[in-house]
Amino acid sequence: MSIKTPFKRVEGLGSAKDGTEHFWRQRLTALANVPLIIAFVWIVVSLNGEDHATVAATFANPFVAVVMLLVIVSALYHAKLGMQVVIEDYIHGELAKYALLVANIFFTFGIAVLAVFAILKMGFGS
Amino acid sequence: MSSTSSSATSGQARKERPLSPHLSIYKLIPNMIASIMHRITGVALYFGTVLVAWWLIAAAAGPAYFDYVNGFFGSLFGMLILLGYTWALMHHLLGGLRHFAWDASKLISKQMSTKLAYATFIGSGALTLLVWLIAMLVR
Ligand code: HEM
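Residues numbered from 1 in each chain as written. Chains lettered and ligands numbered in written order. Predicted model: local features only at pLDDT ≥ 70, side-chain atom pairs only at ≥ 80, totals over all residues. Heavy atoms only, no water.

As annotated in an unreviewed UniProt entry, chain B carries the name Succinate dehydrogenase cytochrome b556 subunit and is attributed to Oceaniradius stylonematis. You can read under Function (unreviewed entry) in the UniProt record for chain B the words "Membrane-anchoring subunit of succinate dehydrogenase (SDH)." (UniProt positions renumbered as here; feature names shortened; annotations may be inferred.)

In the annotation of an unreviewed UniProt entry, the entry for chain A reads Succinate dehydrogenase hydrophobic membrane anchor subunit, and the organism field reads Oceaniradius stylonematis. The Subcellular location (unreviewed entry) field of the UniProt record for chain A holds the comment "Membrane". Database annotation for chain A, UniProt heading Subunit (unreviewed entry): "Part of an enzyme complex containing four subunits: a flavoprotein, an iron-sulfur protein, plus two membrane-anchoring proteins, SdhC and SdhD."

*Asks:* Before we move on, can you summarise the coordination of the iron atom of the ligand with the specific residues and values?
*Replies:* Within the protein, His78 of chain A (NE2) and His92 of chain B (NE2) serve as the donor atoms for the iron atom of the ligand, at 1.9 to 2.0 Å. Bound by six donor atoms, the iron atom of the ligand shows angles of 88 to 179° at the metal and therefore octahedral coordination geometry. Of the two residues, His78 of chain A sits in helix α4 (residues 62-90) while His92 of chain B sits in helix α4 (residues 76-103), which places them in two different chains. Residue classification places His78 of chain A among the buried residues on the basis of a relative accessible area of 14%. Owing to a relative accessible area of 16%, His92 of chain B belongs among the buried residues under this scheme. (Donors = N, O, S within 2.8 Å, 3.2 Å for Na, K, Ca; no water. Tetrahedral: all angles 85-135°; square planar, octahedral: opposite > 155°, others 65-115°. Helix = DSSP H or I, 4+ residues; strand = E, 2+ residues; numbered from the N terminus. Buried < 20%, exposed > 50% of the residue type's maximum accessible area, 1.4 Å probe, protein only.)

*Asks:* Account for the UniProt feature "transmembrane region" (unreviewed entry) in chain A, naming residues and giving values.
*Replies:* Residue and element names in this part refer to chain A. Following the UniProt record, one finds the feature "transmembrane region" (unreviewed entry) at residues 28-47, 59-77 and 98-120. Secondary structure content for residues 28-47 is 95% helix and 0% strand, while the C-alpha to C-alpha distance between its ends is 29 Å. End-to-end, the C-alpha atoms of residues 59-77 are 22 Å apart, and along that stretch the chain is 95% helix and 0% strand.

*Asks:* Report on the interface of chain A and chain B, specifying residues and quantitative values.
*Replies:* Contacts between chain A and chain B engage 38 residues on the former and 34 residues on the latter. In this assembly, chain A packs against chain B so that about 2900 Å² is buried in total across both faces, 76% of it on carbon and sulfur atoms. Residues Arg39 of chain B and Asp89 of chain A are paired through a salt bridge, measuring 2.9 Å at the closest nitrogen-oxygen approach. Linking chain A with chain B are seven residue pairs in polar contact (both at pLDDT 80 or more). Split by residue class, the side of chain A that touches chain B holds 27 nonpolar, six polar and five charged. (Contact = heavy atoms within 4.5 Å. Buried area = accessible area lost by both parts, 1.4 Å probe. Salt bridge = Lys/Arg side-chain N within 4 Å of Asp/Glu carboxyl O. Polar contact = N/O pair within 3.5 Å; in protein donor to acceptor, adjacent residues only side chain to side chain. Nonpolar A, V, L, I, M, F, W, Y, C, P; charged D, E, K, R; others polar.)

*Asks:* Can you explain the UniProt feature "binding site: heme" (unreviewed entry) in chain B? Please cite residues and give values.
*Replies:* Annotation from UniProt places "binding site: heme" (unreviewed entry) at His92 of chain B. Setting aside anything within four residues of it in sequence, one finds His92 of chain B in contact with His78 of chain A together with His38, Thr41, Gly42 and Leu45 of chain B.

*Asks:* Describe in detail the packing of aromatic side chains, supporting the description with residues and values.
*Replies:* Residues and elements named next belong to chain B. Tallied over the entire structure, the rule returns nine aromatic pairs over all chains. Aromatic side chains Tyr46 and Phe47 sit 5.0 Å apart centroid to centroid with 75° between the ring planes, which places their arrangement in the edge-to-face category. Chaining the aromatic ring pairs together yields one cluster made of Trp54, Phe72, Phe73 and Phe77. (Phe/Tyr/Trp six-rings, centres within 6.5 Å; stacked < 30°, edge-to-face > 60°.)

*Asks:* Can you tell me about the site of the ligand, naming the residues and giving the values?
*Replies:* Within the structure, the ligand sits among 22 residues, and Arg27 and His78 of chain A together with Arg39, His92 and Leu93 of chain B are positioned closest to it. Near the ligand, residues from chains A and B are present, making the site a shared one. Residue Arg27 of chain A places a side-chain N or O atom 2.6 Å away from an oxygen atom belonging to the ligand. Here His92 of chain B contributes a side-chain N or O atom positioned 2.8 Å from a nitrogen atom of the ligand. Of all the secondary-structure elements, those providing two or more residues to the shell around the ligand are α2 (21-46) and α4 of chain A together with α2 (30-61) and α4 of chain B. Counting residues per element, the shell around the ligand draws most heavily on α2 of chain B, which supplies seven residues. Class assignment of the residues belonging to the shell around the ligand gives a composition of 10 nonpolar, 10 polar and two charged. (Near = heavy atom within 4 Å.)

Here is the structure:
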């Protein structure tokens, strides 16, 4: 049992009941994305035209692997939050909306895990 | 809306209620274009993550499959996609910085937001060219 008053329990939470949490996480991941995306572009550009051995050796470097893992996690979490807003803005049918909200989570987590697996495989060297 | 809360009369009344002005009412200004482009580039990057994952998986899979995927990205079609992806990334990055400024209540005046919108378009074009120039030079 909480001793909070009913007002205190809802104060600042708004109709979605999670207050500014979504907005905050969108900004937090966006902020993280700035240096990470610059690093990502750097990595990809420097590997332009290189053969498989060079690319695999680059990702076998722990620093490159960890930066790339951060890129994937931050960008896909940010993309999940962003796409959720786009769906909520345009899709109003209950069934279609929830189907797409679920698909959004499955897609972003699926892509993230695939990429993370690939990075780890190269990072641990094989 | 549940059927219990809407009688025939209130359903009638709802139809005649005025709508708030929407997009089509306003004159299109640069800031609106930059705003929708931020959303469009965000959605494009969302699906672009498939390409990033594909490239990483190919690199993890081994030389034969990596060469195949590299061949796709090196084709004219592949390079067009990568060019679009680069521009989307640069435009969304600058658009994001714009949002940070606005979150801090800076650069949000009518004149300034118009200038910022132009800056995002020119900046994203310039950054795209720069990235591709460097990519060509290091090759
Ligand atoms: C380069 C660094 C990035 C920055 C600074 C950034 C910044 C932002 C910000 C501030 C928003 C919120 C816009 C709003 O509230 O209206 C946003 C939305 C979004 N971002 Fe990013 N982002 C970045 C990278 C990415 C990447 C890599 C992806 C995809 C993988 C992405 C996908 C999205 C999507 C789908 C939205 C929702 C669009 C909307 O609501 O209009 N962003 N981004």
